[in-house]
Amino acid sequence: MKFENITYSILDETAYITIDRPKKLNALNKQTIEELSHAFAKADQNESIKAIILTGSGEKAFVAGADISEFAGFSPQEGAELAQQGQEKLFDLVEKLGTPVIAAVNGFALGGGLELAMACHIRVASENAKMGLPETSLGLIPGYGGTQRLPQLVGKGRALEMILTAGMIDAHQALQYGLVNHVVSQEELMGFCEKIAGRISRNSPVAITAAIKAVNAGFNTSGYQEEIKAFGEAFGTEDFEEGTTAFLEKRKADFPGR
Ligand code: COA
C-alpha cells in the first residue's frame, strides 16, 4: 500500500510512523486509519523491529481527533460502523500488537488522537501537548475506546470529569494523572522515546509480546461494545447535528438537548 497521509521509516531496530496531515492537525480520516493499520501490521511482521514510535507531523498536533468533516452527515448505522471498524482496524490492533508502541505526543491529542495515544503501550508528551476528549461538545461520545481506556489510565472520576467537561489538560496535569509516563521538551521528545525503545530492544521479544498480552487480559471488558452502540445512537440526535455543524461553521454549539 502506498502511504499518502502517513510516513513510515525504519532506523536500526525501530519503526517510525508519523501521521502527516499537518494542515488538518493530523485529524484521522478513513484513509489515514487504513494506512496506519497497514503500517502497524507491516512493522509488527518485521522481526528485526523491536519497537515502534508513533508521532504527528509538525509542532502543533499529535492528532486533533477524528476528521469531523468526514462524519458530520453520517446516520446512526454509519456512526456505529465507523467506531466498530476503527476500533478493529487500528485501536485494538495497536493495543494488542506484539511489538511495543510508544506514542510521542508532540502537541494536541484530542478525541480520536488521545484515544490513539491511549491504545499505545507507552506515552511520552512534549511540554506543549494538550489532551482531552471533546466529543460531548460535538453531541457525541468517544467512539474509539476512550470511555474504556481513559478510566483505566486515570481512574473513573478524572475520566468522567474530562469526558463530561470536554476540557483539555496540559502535559503536566496529564503526567500527574498518569495519562502520560513522562514530559520532556519538544526538542527532546523523539530522543527520549528512542531511549525507551533502546531499553526495550535489549529484552526478549518473545517475553515482551507475552507481557503485553497478559497485561491486556486484565482489561478485557464489554464496555467497548457499549461504547460503539452509544456512539452510533448519538448520530441520530439533534445535538450531534448542531454540534458538528457548529464546529464546521466555527461557532459555539447551542444544543437543543433532551
Ligand atoms: N477534524 C477535521 N478538521 C480538523 C480537526 C478535526 N478533528 N481538527 C482541526 N481541524 C482542521 C480545522 O478545521 C482547520 O482547518 P481549515 O484550516 O481548513 O479551517 C485546521 O485543522 C486547523 O485547525 P484550527 O481549528 O484552525 O486550529 P486552532 O489552533 O485554532 O485550534 C484545536 C486547534 C485543536 C483547538 C481545534 O482545531 C479543534 O478544536 N479541533 C477539533 C478537536 C475535536 O473536537 N476533536 C474531536 C473530534 S471527535
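These numbers come from a predicted model, not from an experiment. Counting from 1, residues in each chain are numbered in the order their sequence is written. Per-residue local features of the predicted model are confined to residues with pLDDT of at least 70, and side-chain atom pairs are confined, for both listing and counting, to 80 or more; whole-chain, interface and lining totals are unaffected and use all residues. Side-chain metrics rest on all non-hydrogen atoms present in the structure, leaving aside hydrogens and water.

### Description of the overall build of the chain
Moving on, step 1. Helices and strands together make up the secondary structure of the chain, namely 11 helices and 10 strands.
Moving on, step 2. We compute the radius of gyration from the C-alpha atoms alone; for a globule the expected value is 2.2 Å times N to the 0.38, where N is the number of residues. For a compact globule of 258 residues, the expected C-alpha radius of gyration is about 18 Å, and the chain comes in at 17 Å, within 12% of that figure.
Moving on, step 3. Once the C-alpha set of the chain is aligned to its principal axes, its extents read approximately 55 × 40 × 35 Å.
Moving on, step 4. Partly exposed residues are those whose accessible area sits between 20% and 50% of the maximum for their type, while under 20% is buried and over 50% is exposed, using a 1.4 Å probe and protein chains only. Residue burial in the chain is summarised as follows: out of 258 residues, 50% are buried.
Moving on, step 5. Here a residue-residue contact requires only that any non-hydrogen atoms of the pair lie within 4.5 Å. Counting contacts in the chain only where the partners sit at least 6 residues apart, residues at least 24 apart contribute 73% of the total.
Moving on, step 6. Carbon and sulfur atoms make up 52% of the accessible area of the chain, which amounts to about 12300 Å² in all.
Moving on, step 7. Taken as two groups, the 24 positive and 33 negative side-chain charges of the chain have centres that lie 4 Å from each other. Helix numbers and strand numbers start at the N terminus; a helix is a DSSP run of H or I with at least 4 residues, a strand a run of E with at least 2. In this description, accessible areas are obtained by the Shrake-Rupley approach with a 1.4 Å probe, and a residue is regarded as covered only by the protein chains that are shown. Here Asp and Glu are counted as negative and Lys and Arg as positive; His is not counted, and neither are the chain ends. In plain terms, the charge of a residue is placed at NZ if it is Lys, CZ if Arg, CG if Asp and CD if Glu.

### What about the packing of aromatic side chains?
Moving on, step 1. Pairs were defined over the aromatic rings of Phe, Tyr and Trp, the Trp ring being its six-membered one, requiring ring centres within 6.5 Å. Orientation was assigned from the angle between planes: stacked under 30 degrees, edge-to-face over 60, tilted for the rest. Enumeration according to the criterion identifies seven aromatic pairs in this entry.
Moving on, step 2. Aromatic side chains Phe 71 and Phe 235 sit 5.9 Å apart centroid to centroid with 70° between the ring planes, which places their arrangement in the edge-to-face category. Separated by 164 residues along the polypeptide, Phe 71 in helix H2 (residues 68–71) and Phe 235 in the loop between helix H10 (223–234) and helix H11 (238–248) bring together distant segments of the chain.
Moving on, step 3. With a relative accessible area of 5%, Phe 235 lands in the buried category.
Moving on, step 4. Seen in terms of ring centroids, Phe 71 and Phe 240 are 6.5 Å apart; in terms of plane orientation they differ by 25°. Their pairing is stacked. You can see Phe 71 sitting in helix H2 and its partner Phe 240 sitting in helix H11, a full 169 residues away along the chain.
Moving on, step 5. On the basis of relative accessible area, Phe 71 is assigned to the buried category, the value being 5%.

### Examining the environment of Leu 175
Moving on, step 1. Within the secondary structure layout, Leu 175 lies in helix H7 (residues 171–177).
Moving on, step 2. The class of Leu 175 is partly exposed, set by a relative accessible area of 36%.
Moving on, step 3. For the pair Leu 175 and Arg 123, spaced 52 residues apart in sequence, the C-alpha to C-alpha distance is 9.8 Å.
Moving on, step 4. Among residues more than four places away in sequence, those in contact with Leu 175 are Val 180, Asn 181, His 182 and Val 183.

### Here's the deal with the packing of helix H3 (residues 76–96) against helix H4 (residues 112–119)
Moving on, step 1. Taken N-terminus to C-terminus, the directions of H3 and H4 make an angle of 25°; their axes are 8 Å apart at the nearest point. Looking at the two axes, H3 sits roughly parallel to H4. On the side of H3, the interface is formed by Leu 90, Phe 91, Val 94 and Glu 95, while H4 contributes Gly 112, Glu 115, Leu 116 and Ala 119.
Moving on, step 2. Residues were grouped as follows: Ala, Val, Leu, Ile, Met, Phe, Trp, Tyr, Cys and Pro as nonpolar; Asp, Glu, Lys and Arg as charged; and all remaining residues, including Gly, as polar. Broken down by class, the residue content of the contact of H3 with H4 amounts to five nonpolar, one polar and two charged. Fitted lines through C-alpha atoms serve as axes, helices being fitted only where they are in contact, and the angles separating the N-to-C directions of these axes extend from 0 to 180 degrees. If an angle is under 35 degrees, it is roughly parallel; if it is over 145, roughly antiparallel; if it lies from 65 to 115, roughly perpendicular; otherwise it is oblique.

### What to know about unusual backbone geometry
Moving on, step 1. Positioned with a positive phi, Leu 25 is a non-glycine residue whose angle comes to about 50°.
Moving on, step 2. Looking at the secondary structure, you find Leu 25 in the loop between strand E2 (14–19) and helix H1 (30–45).
Moving on, step 3. Phi at Ala 166 takes a positive value of approximately 60°, unusual for a residue other than glycine.
Moving on, step 4. Looking at the secondary structure, you find Ala 166 in the loop between helix H6 (156–165) and strand E9 (168–170).
Moving on, step 5. For Ala 166, a relative accessible area of 17% gives the class buried.

### Section: the environment of Lys 130
Moving on, step 1. Looking at the secondary structure, you find Lys 130 in strand E8 (residues 130–132).
Moving on, step 2. Taking the C-alpha atoms as reference points, Lys 130 and Ser 48, separated by 82 residues in sequence, lie 33 Å from one another.
Moving on, step 3. Ignoring anything within four residues of it in the chain, the contact list for Lys 130 reads Gly 107, Phe 108, Ala 109, Leu 110, Met 168 and Ile 169.

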